[in-house]
Amino acid sequence: MAQQLSIVVWAKKGCSYCNDVKDYLKKHHLAYQMVDVTDHDEFRDILDVKYGVRHVPVVELGVNNQYQGVTEIGIEHLENALQAASEVAPSK
């Protein structure tokens, strides 16, 4: 049975790259949860431990409770990761 794709966006207020990611997901009708790292350095610490980065946006794509982090800046990286994830979790 195919699992649904889970998307988590780590972002901060005033980040144009973060807004680009959220706009892209909305345009493609992809639901996501957001973690706002504004004024929360401890959240950046989590990103550092998980992915070795402290910048945002970071997009986590999850299938079957296994998550992949997209840490590169640019929509093309998100598109490639979404394509790969959709092969594991086809949309309904």
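Residues numbered from 1 in each chain as written. Predicted model: local features only at pLDDT ≥ 70, side-chain atom pairs only at ≥ 80, totals over all residues. Heavy atoms only, no water.

K.L.:
Would you mind showing me how to read the nonpolar core here?
P.N.:
As a rule of thumb, nonpolar side chains are buried together in soluble globular proteins. Counting 23 residues, the largest nonpolar core has Trp10, Leu25, Val59 and Leu61 as its most contacted members. Sorting the residues of this core by element identifies strand 1 (6–11), helix 1 (16–27), strand 3 (58–63) and helix 3 (75–88) as the ones contributing at least two each. At 5 residues, strand 1 tops the list of elements feeding residues into this core. Aside from chain neighbours lying at most four places away, what touches Leu61 is Leu5, Ser6, Ile7, Gln66, Tyr67, Gln68, Val70, Ala81, Leu82 and Ala85. (Core = buried A, V, L, I, M, F, W, Y, C linked by side-chain atoms within 4.5 Å. Buried < 20%, exposed > 50% of the residue type's maximum accessible area, 1.4 Å probe, protein only. Helix = DSSP H or I, 4+ residues; strand = E, 2+ residues; numbered from the N terminus. Contact = heavy atoms within 4.5 Å.)

K.L.:
What is the right way to read unusual backbone geometry from this model?
P.N.:
Glycine aside, residues mostly have negative phi, and peptide bonds are mostly found in the trans state. A cis geometry characterises the amide bond from Val56 onward to Pro57, with omega recorded as 5°. Topologically, Pro57 is positioned in the loop between helix 2 (41–51) and strand 3. The backbone of Asn65 sits at a positive phi, close to 65°, despite the residue not being glycine. One can find Asn65 in the loop between strand 3 and strand 4 (66–70).

K.L.:
Sorry, what's going on with the pattern of salt bridges here?
P.N.:
A side chain with one charge can pair with a side chain of the opposite charge if their charged atoms come near. Going through the model one piece at a time under the given rule, you end up with 2 salt bridges. Here Asp45 and Arg54 are joined by a salt bridge, their closest N and O atoms 2.7 Å apart. Close ionic contact of Lys50 with Glu60 constitutes a salt bridge, the shortest N to O distance being 2.6 Å. Of this pair, Lys50 sits in helix 2 while Glu60 is found in strand 3, placing the two residues 10 residues apart along the sequence. (Salt bridge = Lys/Arg side-chain N within 4 Å of Asp/Glu carboxyl O.)

K.L.:
Would you mind going over the state of the cysteines with me for this structure?
P.N.:
Two cysteines whose sulfur atoms are joined by a covalent bond form what is called a disulfide. By the definition in use, this model includes 1 disulfide. Disulfide pairing places Cys15 opposite Cys18 at an S-S distance of 2.5 Å. The S-S bond linking Cys15 to Cys18 shows a torsion near 75°; that makes this disulfide right-handed. Side by side, Cys15 and Cys18 carry an identical accessibility label, which is buried. (Disulfide = S-S within 2.5 Å.)

K.L.:
Would you explain the environment of Leu82 in this entry?
P.N.:
Summarising the element assignment, Leu82 is placed in helix 3. Here Leu82 falls in the buried class, since its relative accessible area comes to 11%. Sequence separation of Leu82 and Tyr17 is 65 residues, and the distance between their C-alpha atoms is 17 Å. Ignoring any residue separated from it by four or fewer positions in sequence, one finds Leu82 in contact with Leu5, Ile7, Tyr24, Leu25, Leu30 and Leu61.

K.L.:
Sorry if this is basic, but what is going on with the sheet that holds strand 4 here?
P.N.:
Two strands in a sheet stick together by hydrogen bonds in their backbones, pointing the same way (parallel) or opposite ways (antiparallel). Here we have 4 strands laid out as an open sheet, ordered 2-1-3-4, and mixed in their pairing. Bordering the open sheet on either side are strand 2 (33–36) and strand 4, each of which pairs with just one other strand. Ignoring strand direction, the axes of neighbouring strands in this sheet form an average angle of 20°. Relative to strand 2, strand 1 runs parallel, the two being bridged by 4 bridges. Each bridged residue has a counterpart across the sheet, and for Ala11 the counterpart in strand 2 is Asp36. (Pairing = 2+ DSSP bridges. Axes fitted to C-alpha atoms, helices over the stretch in contact; angles between N-to-C directions.)

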